[in-house]
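Geometric and topological summary
Listed below, chain by chain, are the residues.
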Amino acid sequence: MKKLLSLILAAAMALSLAACGKTDAPSGSQSGAVSGGKTLSMGTASLGGNFFTMGAAAASVIMDGTDLAVTAQATGGSVYNVGAVNDGELDLAMSQASAVASGYHGTDSYEGAPTENIRTLYNFNATPIHILVKKSLGASNITDLVGAKFECLTPGDGVELATMKLLPLLGLPLDKVTLEHSGSRVQASSRMKTGQVNAILDATGCGAAWIADIYGDGSEWTLLSLTEDQIKTIVGAASKYSQMTIPANTYSGQTEDVVTVGLWTTVYCNASMDNDTAYGIVKSVMESEDALVKAHSFYADLAPENAVDACIAPLHPGAEKYYKEIGVL
């Protein structure tokens with residue numbers, strides 16, 4: 001009976017994965033059954049989440065462009081994936097940059113056990129740090145924000161953690177500001193609009209609706225850029241961050257580019273992957289942007305240039321070959 005139940009559950013999971021592929025991915029199966037070549041597993045996160053949808057889409061276009069069979073697998077998410085790829089349990093996977101940095105450098109969850117076998121294939125889904133401040137503060141540099149009230153949402157939230165880490169690195173001691181905890185983005189938006197809070201550091205996608213709502217027409221709020229030295233300091237102290245730009249006109253009234261730092265979603269593989277396979281994966285993905293964007297909007301910023309000076313784990317030689325071939329490296 002137990003054996004029968006296990007078989008039923010396994011079949012149900014396979015059907016679930018196939019169904020998700022038909023709904024969320026571009027044309028093509030993610031089951032791996034259509035190829036006579038190698039079969040690769042791609043780690044994502046839980047079923048139904050953004051990572052699984054994006055992984056299913058990537059699996060589909062890779063199979064369309066190569067003789068590889070790629071299976072998008074539901075997993076425990078970013079931190080789990082790093083270790084699984086390093087240990088050869090998954091062939092490739094996607095993770096948030098913070099997890100890749102923790103693994104490759106042997107910190108946080110991987111303290112003392114670095115995942116040195118992972119290699120970068122490509123980056124996408126930028127989440128730049130938006131340094132949004134009230135214009136009435138008269139700040140042109142983040143060091144001008146002495147006395148500002150920084151929104152941190154809730155204790156332990158990523159916004160709070162980033163604020164507490166980055167402000168001192170940028171030359172603004174925490175004892176010179178006030179950290180406010182409004183509880184949620186809805187409450188924070190209200191308090192920011194009414195002037196109870198006048199600054200926030202938020203890592204989010206360009207054009208984020210809640211930032212746009214607060215920013216309005218740009219008459220009362222502005223986005224601060226970081227200096228070259230500030231960016232070098234942050235990247236040197238926290239390798240999960242890379243230099244990023246919030247392009248001009250991302251928000252109403254924003255007439256200039258905003259230079260900042262941020263986090264990527266990184267797709268990586270084990271160092272043992274052969275060069276031709278890695279090359280084929282990257283080439284297939286980079287030449288399928290339209291199909292990927294249709295599957296998930298987070299692919300909107302997919303571009304070869306995202307691999308330049310923004311790799312936490314080293315580039316796989318096969319990926320490097322593709323980027324050199326098209327002239328971005």
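See the structure above.
Residues numbered from 1 in each chain as written. Predicted model: local features only at pLDDT ≥ 70, side-chain atom pairs only at ≥ 80, totals over all residues. Heavy atoms only, no water.

A separate point is the layout of surface pockets. To find the voids left in a structure, one rolls a probe of water-molecule size over its atoms. Of the pockets and cavities examined, the largest pocket occupies roughly 830 Å³. Along the wall of the largest pocket there are 32 residues; nearest its centre are Q96, T127, A203, T204 and L263. Of all the elements in the fold, those that place two or more residues in the lining of the largest pocket are α2 (50–65), α4 (97–105), β4 (118–134), α5 (158–169), β7 (199–203) and β10 (258–270). Among the elements that take part in the lining of the largest pocket, α5 stands out by supplying 5 residues, more than any other. Among the residues forming the lining of the largest pocket, the class breakdown is 16 nonpolar, 10 polar and 6 charged. (1 Å grid on protein atoms, 1.4 Å probe; cavity = no way out; pocket = protein on both sides within 12 Å on 5 of 7 lines; lining within 4 Å. Points joined across faces, edges and corners; volume = space filled by probe spheres on them. Helix = DSSP H or I, 4+ residues; strand = E, 2+ residues; numbered from the N terminus. Nonpolar A, V, L, I, M, F, W, Y, C, P; charged D, E, K, R; others polar.)

This part covers helix α6 (residues 185–193). Where α6 is concerned, the buried positions are A188, S189 and M192. Projected down its long axis, α6 shows its buried positions confined to an angular sector of 100°, all on one face. Where α6 is buried, its residues contact β4, β5 (149–151), β7, α7 (209–215) and β8 (221–223). In the segment just after α6, G195 is the residue with positive phi, at about 85°. (Buried < 20%, exposed > 50% of the residue type's maximum accessible area, 1.4 Å probe, protein only. Arc of directions from axis to C-beta. Contact = heavy atoms within 4.5 Å.)

Within the secondary structure, Y104 sits in helix α4. Sequence spacing of Y104 and G83 is 21 residues, and the spatial spacing of their C-alpha atoms is 9.5 Å. Once you skip the residues sitting within four places of it in the chain, Y104 turns out to touch P114, T115, E116, I118, R119, I312, A313 and P314.

Scanning all chains against the criterion turns up 8 salt bridges. Measuring nitrogen to oxygen at the nearest pair gives 3.5 Å for the salt bridge that ties E180 to R191. Remark: R191 occurs in helix α6 and E180 occurs in strand β6 (residues 178–180); sequence separation between them is 11 residues. Looking at E180, the relative accessible area reads 16%, which means it is buried. (Salt bridge = Lys/Arg side-chain N within 4 Å of Asp/Glu carboxyl O.)

By secondary structure assignment, the location of L292 is in helix α10 (residues 289–295). For L292, a relative accessible area of 0% gives the class buried.

What follows deals with the packing of aromatic side chains. By the definition in use, this model includes 5 aromatic pairs. Ring centres of F124 and Y299 lie 4.5 Å apart, and the angle between their planes is 10°; on these two criteria the pair is classed as stacked. Taken together, the positions of F124 in strand β4 and Y299 in the loop between α10 and α11 (317–325) put the pair 175 residues apart, joining distant regions of the chain. The pair F124 / Y299 is uniform in exposure class, with both members buried. In this structure an aromatic cluster arises from ring pairing among Y122, F124 and Y299. Taking NZ or CZ as reference, K321 lies 5.0 Å from the ring centre of Y279, over its face. (Phe/Tyr/Trp six-rings, centres within 6.5 Å; stacked < 30°, edge-to-face > 60°. Lys NZ or Arg CZ within 6 Å of the ring centre and 35° of its normal.)

All right, on to the side chain of S182 then. Position of S182 among the secondary structure elements: in the loop between β6 and α6. Taking the relative accessible area as the measure of exposure, S182 reaches 11% and is therefore buried. Discounting residues that sit within four places of it in the chain, S182 has contacts with E151, L153, Q187, A188, R191 and V197.

Moving on: unusual backbone geometry. Within the chain, N249 stands out as a residue other than glycine whose phi angle is a positive 70°. Take N249: it is sitting in the loop between β9 (242–246) and β10. Although it is not a glycine, D309 adopts a positive phi angle of roughly 55°. Within the fold, D309 resides in the loop between α10 and α11.

Below, the discussion takes up the packing of helix α3 (residues 78–86) against α4. For any two helices packed against each other, one specifies the crossing angle of their axes together with the interaxial distance. Direction vectors running N to C along α3 and α4 enclose 40°, while the axes themselves pass 8 Å from each other. Overall, the two elements α3 and α4 adopt an arrangement that is oblique. Judged by the sense of rotation from one axis to the other, the crossing of α3 with α4 is right-handed. When α3 is examined against α4, the residues S78, V79 and V82 are found in contact with a partner set consisting of A99, V100 and G103. Considering only residue class, the contact of α3 with α4 consists of 4 nonpolar, 2 polar and no charged. (Axes fitted to C-alpha atoms, helices over the stretch in contact; angles between N-to-C directions. Parallel < 35°, antiparallel > 145°, perpendicular 65-115°, else oblique. Left-handed = near helix turned anticlockwise from the far one by under 90°.)

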